[in-house]
Amino acid sequence: MSNRAGVIIIAATLLCSSGGAFVSPSYAQSSDNNGVSNFLGNLFSGQKTAPQAAPGPDGGPPPWSGEDGASGHPLMTASAIREAAANFPNCVASMWPDAARRNISQENFQRFTAGLEPDLRIMDLMDSQPEFTKAIWDYLDILVNDNRLAKGREILAKYKPQFDAAEKAYGVDRYIIASIWGIESNYSTQMGDRNVVNSTATLACIGRRQAYFKDEFLTALEILNRGDLRPEQMRGSWAGAFGPTQFMPTAFKRYAVDGDGDGRRDVVDNAADLIASTANNLRKDGWQTGRSWGYEVVLPQGFNFMLADKSKAMTIAQWQGQGLVRADGKPFPDSTEKAYLLAPAGTQGPGFLMLQNFRVIMKYNPAEAYALAIGHFADRLRGGPPFVQPWPRQERVLSRAERLELQQLLAQRGFYKGTPDGQFGGQTREALRGFQASIGAPADGFASSDVLERLRGR
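Cut-offs used in this document
Residues numbered from 1 in each chain as written. Predicted model: local features only at pLDDT ≥ 70, side-chain atom pairs only at ≥ 80, totals over all residues. Heavy atoms only, no water. Helix = DSSP H or I, 4+ residues; strand = E, 2+ residues; numbered from the N terminus. Buried < 20%, exposed > 50% of the residue type's maximum accessible area, 1.4 Å probe, protein only. Contact = heavy atoms within 4.5 Å. Areas by Shrake-Rupley, 256 points an atom, 1.4 Å probe, with all protein chains shown as cover. Disulfide = S-S within 2.5 Å. Core = buried A, V, L, I, M, F, W, Y, C linked by side-chain atoms within 4.5 Å. Phe/Tyr/Trp six-rings, centres within 6.5 Å; stacked < 30°, edge-to-face > 60°. Axes fitted to C-alpha atoms, helices over the stretch in contact; angles between N-to-C directions. Parallel < 35°, antiparallel > 145°, perpendicular 65-115°, else oblique. Left-handed = near helix turned anticlockwise from the far one by under 90°. Nonpolar A, V, L, I, M, F, W, Y, C, P; charged D, E, K, R; others polar.

**Structural notes on the overall build of the protein chain**
Counting secondary structure elements, the protein chain contains 21 helices and seven strands. For the protein chain, buried positions account for 59% of its 458 residues. Considering only residue pairs separated by 6 or more positions, the protein chain has 69% of its internal contacts joining residues 24 or more positions apart. If you sum the accessible surface of the protein chain, you get close to 17900 Å²; carbon and sulfur atoms cover 49% of it.

**A closer look at the state of the cysteines**
A full pass over the atoms with the stated rule returns one disulfide. Paired by a disulfide, cysteine 91 and cysteine 205 hold their sulfur atoms 2.0 Å apart. Across the disulfide from cysteine 91 to cysteine 205, rotation about the S-S bond amounts to roughly -90 degrees, and the bridge is consequently left-handed. Placement of the pair is cysteine 91 in helix 4 (residues 88-94) and cysteine 205 in helix 12 (residues 196-205), with a sequence separation of 114 residues.

**Considering the nonpolar core**
Among the nonpolar cores identified, the biggest contains 54 residues, and Phe163, Leu282, Phe358 and Leu372 are the most heavily contacted of them. Dropping the residues within four chain positions of it, phenylalanine 163 is found in contact with Ile155, Leu156, Arg174, Ile177, Ala178, Trp181 and Ile275. Counting 49 residues, the second largest nonpolar core, distinct from the first, contains Ala85, Ile122, Ile206 and Val267.

**Structural notes on the environment of leucine 221**
As for its placement among the helices and strands, leucine 221 is situated in helix 13 (residues 210-226). Contacts of leucine 221, omitting those with residues within four sequence positions, involve Ile104, Phe109, Phe112, Thr113 and Val197.

**Here we look at the packing of aromatic side chains**
A complete count under the given rule lists 13 aromatic pairs for this structure. Summarising the aromatic geometry, the rings of tyrosine 212 and phenylalanine 213 are spaced 4.8 Å apart at their centres and angled 85 degrees between planes, so their arrangement reads as edge-to-face. According to the relative accessible area criterion, phenylalanine 213 is buried, its value standing at 0%. Put simply, the rings of Trp137, Phe352, Phe387 and Trp391 touch in pairs and so form one group of aromatic residues.

**As for the packing of helix 19 (residues 400-412) against helix 20 (residues 426-438)**
Put simply, helix 19 and helix 20 touch, their axes get as near as 10 Å, and they point 55 degrees apart. Comparing the axis directions of helix 19 and helix 20 gives the class oblique. Read as a crossing pair, helix 19 and helix 20 show a hand that is left-handed. For the pair formed by helix 19 and helix 20, the contact residues are Leu406, Gln407 and Leu410 on the first element and Thr428, Ala431, Leu432 and Phe435 on the second. Across the contact of helix 19 with helix 20, the residue classes break down as five nonpolar, two polar and no charged.

Structure follows, in structure tokens:
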């Protein structure tokens, strides 16, 4: 599971079609209904967005639907959720020996767990199924906009000493850090408002990812026990991500640093700690100082889109040999760098050569659409222009029913070997390429409404 909550989860879905779901299936879906990043997270990767629910009777958050989860997991049935919820106090109490092994005092364990109650609405958020998604260009429009850019420039100026210090200590581009801050929480204005201890306790005792969230819950208690953060600071997404750049508790444990030497690692309200910790995270994930994340490129006529695959990295010189050039007409700084080609809209949109630093951003959040937004937003913050090439904005995003039908039709023709579920990933993209090649169309793996019509035989 990823250490992030917003824009989390594999965007292979989104890259196969005009849109996709968002949050890594391998993560525990650590996004929330708060913040653009979380909103994006739900729609770009494997995570699923919950349907709109009516507010609670007091106007507060909506209650749990009382329904089985969409995943079909036995621990996500309504009866299993109710049974686990009834046992919640015992479940929390049973984790005391594990907390003691982490040097959490009994007094603090009792203090920080007193009054916890299961937040069953999280079960709907964890396991819902999107009916509609949005196209990648729509999300880029939402995330990289004039208002956010203006605020980002204010943040860079206001905290210039802190950015200077972090850049010197960790070698990570300040614009990338500012971009993550802006996209994850809209510069601290949308960080989520759920109690992190309560949310992680709920998920540690109820639902299908209990082992993962038990570690997050115990780590959240460690953070409070050590005194890095106060309980009121630990509010965030439904999966437990908190702070302006959305650290999961275990990510905080791995990466948080004391940026100003005051003895605490406050990634919520202390800009020096926040900036330094985010930089430390990226550095430890392999950030290359002084290098870009990637380049927008123009693809030649007749390009072989089978090369547009994350597993098919080549040097920039080799890509130039395939006819790729930078969209802005500038030369590539280093023709020996290795990159893979991303073509999220197939033949109809721009291509991008992705370098090592793009892969590092994807470790922060493993959705290509998210990482593309972060890289582009950073370039815009440093004064760069918008993307040069247009997106196919005339394309209609397929509904879930249409995505399911597309997979079923591909399976009937022998191209798709998986179980149709309406969720697009690499297997669907490969099946689409096979079908497109069989009919003499460019094999770009882009799930347009036109390719669905071709599958229908119309």
